[in-house]
Structures are given as C-alpha cells and as structure tokens.
Amino acid sequence: MPENVASKKKQRRCVACGASADKRSLHRIVRSKDGHVAFDPTGRAAGRGAYVCSEACFQAARASRKLDRALKASLSADDYERVAQGLAAQRAEEQ
Ligand SMILES: [Zn+2]
C-alpha cells in the first residue's frame, strides 16, 4: 500500500516519544532569537520550534532534557515552568 504523502505534509515529531502527528495536534515550544523559551499556542511564533504530543511527553522531555537538545538551548527551571503553565492553560481551554 502506498503511503498517503499528502497527509504527511504538516507532520511533526514529538521530541519525547518520537511519534509523528499532525502539526495542529501537537504542542509547540519555541525559542525566539533572543533565547526566550515559551509555549507557542498559535504554532506560528518565529524561532526554533520543538513539539510534544501531550503534557505527559512534555514532562518526559523535561526530565530527560530532550527539549534542551531539540531547541539547542539550555532551559532553566523557570523556562520549563512557564511552558508547563502554557500547556496547562491551553488544555484547560480545550476542555
Ligand atoms: Zn509524545
């Protein structure tokens, strides 16, 4: 069976579990040019982005520092906390 190439266009990979998913169903974390790391609810913020598929994967990425590697940055505890809060706020909105 040929793979459906069109549906893979906007696929991104979760940095924690490695699962591919549609860009819109993933949570984006962005590091802007000035090095500020934040949760990106729009998915369109300028800068280097990394994706996680769930809050659990964010926690896994936090524990293993995979986000640091994906963003080529050294994230502080404050950075992780800010992203965690952004994720939690978005999840609350979706429910
Ligand atoms: Zn994941």
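This structure is a prediction, so every number in the text was calculated from the model and none was measured.

K.L.:
What is the right way to look at the nonpolar core in this model?
P.N.:
Buried together is how nonpolar side chains tend to be arranged in soluble globular proteins. Ranked by size, the top nonpolar core spans 20 residues in total, and within it Cys14, Val15, Ile29 and Val52 carry the most contacts. Looking at this core, the elements with two or more residues in it are β3 (27-31), β4 (37-40), β5 (48-52), α1 (55-64), α2 (66-71) and α3 (77-94). Beyond its immediate sequence surroundings of up to four residues, Val15 is in contact with Ala50, Tyr51, Val52, Ala61, Lys66, Leu67 and Ala70.

K.L.:
In this structure, what is going on with unusual backbone geometry? I would like to understand it.
P.N.:
Phi is mostly negative for residues that are not glycine, and the peptide bonds are mostly trans. One non-glycine residue, Arg65, lies in positive phi territory at about 60°. With respect to the secondary-structure elements, Arg65 resides in the loop between α1 and α2. Arg65 gets classed as exposed once you count the C-beta atoms within 10 Å, which come to 12. Its identity is not glycine, yet Lys72 carries a phi of approximately 50°, on the positive side. The exposure class assigned to Lys72 is exposed, which follows from the 9 C-beta atoms found within 10 Å.

K.L.:
How should the sheet that holds β4 be read in this particular structure?
P.N.:
The strands that make up a sheet pair up through hydrogen bonds in the backbone, lying either parallel or antiparallel. Here we have three strands laid out as an open sheet, ordered β4-β3-β5, and antiparallel in their pairing. The open sheet has two edge strands, β4 and β5, and neither has a second partner. The mean inter-strand angle of the sheet, taken between neighbouring strand axes irrespective of direction, is 30°. Here β3 runs beside β5; their pairing, made up of five bridges, is antiparallel. In the strand pairing of β5, Arg28 is matched with Tyr51. Along the sheet face, α3 touches β3 and β4 and points at about 10° away from the line of β4.

Conventions adopted
- In every chain, residue numbers begin from 1 and rise along the written sequence.
- Local features in a predicted model are, by the rule used here, given only for residues with pLDDT of at least 70; side-chain atom pairs are given and counted only at 80 or more, and totals for whole chains, interfaces and linings are based on all residues.
- Buried Ala, Val, Leu, Ile, Met, Phe, Trp, Tyr and Cys residues whose C-beta atoms connect them within 7 Å together make up a nonpolar core.
- Counting other C-beta atoms within 10 Å of a residue's own tells you its class, since 20 or more makes it buried, 12 or fewer makes it exposed, and anything in between is partly exposed; those C-beta atoms are placed from the backbone.
- The way it works is that DSSP assigns letters per residue, a run of H or I at least four long becomes a helix, a run of E at least two long becomes a strand, and they are numbered from the N terminus.
- Two residues qualify as a contact pair if the distance between their C-beta atoms, derived from the backbone, is within 7 Å.
- Two strands qualify as a pair provided that DSSP identifies no fewer than 2 bridges between them.
- Here the axes come from fitting lines to C-alpha atoms, over the contacting stretch only for helices, and the angles between their N-to-C directions go from 0 to 180 degrees.

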